[in-house]
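Letter by letter, the chains look like this.
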Amino acid sequence: MTVHTLTLIPGDGTGPEIVEATIRAIEATGVQITWDRQEIGVPAIEKFGTPFPQAALDSIKRNKVGLKGPLTTELGKGFRSVNVALRKEFDLYANLRPAKTYPGVRTPMGNIDLVIVRENIEDLYAGIEFDLGTPELAEVRAVIEKAAKTKMREDAAISIKYISEMGSRRIVKFAFEYAVANGRTKVTAVHKANVMKFTDGLFLRIAGEVAKDYPAIEFEDRIVDNMCMQLVQKPELYDVLVLPNLYGDIVSDLVAGLVGGLGVAPGANIGENGVAVFEAIHGSAPKYAGQNKVNPMALMLAGALMLRHIGERAAGDRLEQAIAAVVAIGKDVTYDLKPERDDPTAVGTKEFADAVIKQLAAIHA
Ligand code: NAD
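What counts as what
Residues numbered from 1 in each chain as written. Predicted model: local features only at pLDDT ≥ 70, side-chain atom pairs only at ≥ 80, totals over all residues. Heavy atoms only, no water. Helix = DSSP H or I, 4+ residues; strand = E, 2+ residues; numbered from the N terminus. Polar contact = N/O pair within 3.5 Å; in protein donor to acceptor, adjacent residues only side chain to side chain. Contact = heavy atoms within 4.5 Å. Expected span 1.5 Å × (residues − 1). Buried < 20%, exposed > 50% of the residue type's maximum accessible area, 1.4 Å probe, protein only. Arc of directions from axis to C-beta. Salt bridge = Lys/Arg side-chain N within 4 Å of Asp/Glu carboxyl O. Phe/Tyr/Trp six-rings, centres within 6.5 Å; stacked < 30°, edge-to-face > 60°. Lys NZ or Arg CZ within 6 Å of the ring centre and 35° of its normal. 1 Å grid on protein atoms, 1.4 Å probe; cavity = no way out; pocket = protein on both sides within 12 Å on 5 of 7 lines; lining within 4 Å. Points joined across faces, edges and corners; volume = space filled by probe spheres on them. Nonpolar A, V, L, I, M, F, W, Y, C, P; charged D, E, K, R; others polar. Core = buried A, V, L, I, M, F, W, Y, C linked by side-chain atoms within 4.5 Å. Domains from an automatic or database assignment. Pairing = 2+ DSSP bridges.

Student: For the side chain of N245, give the residues involved together with the corresponding values.
Tutor: If you trace the backbone, N245 turns up in helix 9 (residues 245-258). Separated by 3.1 Å, the side chain of N245 and the backbone oxygen of E122 make a polar contact. Here N245 is in contact with R118, E119, N120, I121, E122, D123 and Y125, once residues within four sequence places are set aside.

This is how it looks when you write it as structure tokens:
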């Protein structure tokens, strides 16, 4: 039997608790994993004086695949976000966020089964920004005003949106490859090419080109504002959505809301050659740290994605099935999945994991 060595980043706040619950559930699938534990972010600063110890980076390089608990980002010491830095360091260009309704989770909508593929590196989030009062802003403004033959207000700050052919091609290809590998039938490219003709226009043109290589998968496009309305009114018409960074960020949270909120939504950041970091979408919920209270479901679902990614598809399917069963029964679930938030029958993080492990044993039997 293959033994997989994977990087494990417990994170901080409630991270270590949900990570512990998740690895117990993953191991209960029977897949053999050696966890290479590493610290990044706040715990790493405390232990090693840096948010990115070389040992953690080397571990991801070596193992290629990691499971990560949430990391608190408000460090206020010279870098914006360890999560963003991690994506940049490993060129994790694809943010994969499946959004599915599970019976037992209260949702504003009926049956939803969507996959959001968000470009993770480019667009307005590339971090190319010029602040008021800086000489760089004056320089950039002068160049832009000359080239675009237009005037900008003097009190305007500037953020640059860039979208490349390479970046668009690889994210759209990723969406189609995901569709093929996971039995999906349609990819929708989401954009605002009617207004941003050169950046979003390029994204749309490349999407159309890539689509020609996948004749078995239906391809269409939607303007992002219309897409938001349609997702609320008739989400069943959509399957895999591929979006540039900014729209992907917003639309993926919209869709997470439609399936019951961030507490039940998994995510993955994936790069070239199979490099990938799997995580929950929610943050470190620090106010509940150490209380055995929060829901590990989102990270467990990310664990199911990870198992499929490393070639353990059947185990990933079983884990998702077991989580869905626990939630559908609705007894051994955390406070957030109970009809009333102060329901005394709500269980803790550990007991939710116990219930999932019990369901896994029943599926095995
Ligand atoms: P959060 O997601 O941590 O928590 C917001 C609220 O949502 C919590 O107070 C709690 O009521 C609820 N919640 C979150 N996760 C839950 C769970 N698993 N079960 C039950 N309830 C849950 O958002 P925040 O308070 O804005 O962020 C806290 C920190 O996490 C910040 O520093 C933020 O930047 C960071 N963050 C990290 C990631 C990441 O590591 N990928 C993602 C988002 C936010």
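Student: Which residues make up helix 9, and what are the values?
Tutor: For helix 9, spanning 14 residues, the distance from its first C-alpha to its last is 20 Å, which sits close to the expected 20 Å at 1.5 Å a residue. Every buried residue belonging to helix 9 is among N245, Y247, G248, V251, S252, V255, A256 and L258, and all of these are buried. The buried residues of helix 9 occupy an angular sector of 160 degrees when the element is viewed end-on, so they sit on one face. Residues of helix 9 that are buried sit in contact with strand 4 (94-100), strand 5 (113-119), strand 8 (186-191), helix 7 (199-211), helix 8 (224-233) and strand 10 (240-243). Positive backbone phi, approximately 120 degrees, marks G260, located one or two places after helix 9.

Student: Account for the pattern of salt bridges, with residues named and values stated.
Tutor: Going through the model one piece at a time under the given rule, you end up with 26 salt bridges. In this structure, E279 and K68 form a salt bridge, with 2.6 Å as the shortest nitrogen-oxygen distance. Of this pair, E279 sits in strand 12 (residues 276-280) while K68 sits in strand 3 (residues 65-68), placing them 211 residues apart in sequence. With respect to burial, E279 and K68 carry one shared label: buried. Members of the salt-bridge network, linked through shared partners, are K100, R308, D317 and E320.

Student: So what about the packing of aromatic side chains? Which residues, and what values?
Tutor: Taken as a whole, this structure holds four aromatic pairs when the rule is applied. Summarising the aromatic geometry, the rings of Y93 and F174 are spaced 6.3 Å apart at their centres and angled 85 degrees between planes, so their arrangement reads as edge-to-face. Linking Y93 in the loop between helix 4 (82-89) and strand 4 with F174 in helix 6 (residues 165-181), this pair joins segments that are 81 residues apart in sequence. Judged by centre distance (4.9 Å) and plane angle (15 degrees), the ring pair of F176 and Y214 falls under stacked. In this pair, F176 sits in helix 6 while Y214 sits in the loop between helix 7 and strand 9 (218-223), placing the two residues 38 residues apart along the sequence. Of the aromatic side chains, those joined through ring pairs into one cluster are F176, Y214 and F219. Its guanidinium or amino end placed over the ring of Y238, K186 lies 5.2 Å from that ring's centre, counting from NZ or CZ. Looking at K293, its charged tip hangs above the ring of Y335, at a distance of 4.3 Å from the centre.

Student: I'd love a proper account of the layout of surface pockets, names of residues and values included.
Tutor: Approximately 810 Å³ is the volume found for the largest pocket. Mapped onto the lining of the largest pocket, the elements with two or more residues apiece are helix 4, strand 4, helix 9 and strand 12. Take the lining of the largest pocket: its biggest share by element is five residues, from helix 4. Across the lining of the largest pocket, the residue classes tally to 13 nonpolar, eleven polar and ten charged.

Student: Please set out helix 4 residue by residue, giving values where relevant.
Tutor: Residues of helix 4 that are buried include every one of V82, N83, L86 and R87, and no others. The arc enclosing the buried residues of helix 4, seen along the axis, measures out at 145 degrees, which places them on a common side. Buried residues along helix 4 sit in contact with helix 3 (54-63), strand 3, strand 5, strand 11 (266-270) and strand 12. Of the residues trailing helix 4, D91 is marked for its positive phi of about 50 degrees.

Student: So, the nonpolar core: which residues are in play, and what are the values?
Tutor: Residues M297, F352 and V356 are the most contacted members of the largest nonpolar core, which totals 76 residues. Taken domain by domain, this core gets at least three of its residues from each of domain 1 (1-91 + 267-365) and domain 2 (108-122 + 162-258). The contact partners of F352, leaving out residues within four places of it in the chain, are N295, P296, M297, M300, I323, V326, V327, D332, V333, T334, L337 and V347. Of all hydrophobic cores here, the second largest spans 17 residues; its members include V190, Y238, L241 and Y247.

Student: Any chance you could break down the pairing of strand 3 for me, citing the residues and the numbers?
Tutor: What you see with strand 3 is no split at all: V65 and L67 on one side and G66 and K68 on the other are buried throughout. Two elements, strand 1 (residues 3-9) and strand 3, share three bridges in a ladder whose sense is parallel. Each bridged residue has a counterpart across the sheet, and for T7 the counterpart in strand 3 is G66. When strand 3 meets strand 12, the two strands line up parallel, connected through four bridges. Bridging across to strand 12, K68 finds its partner in E279.

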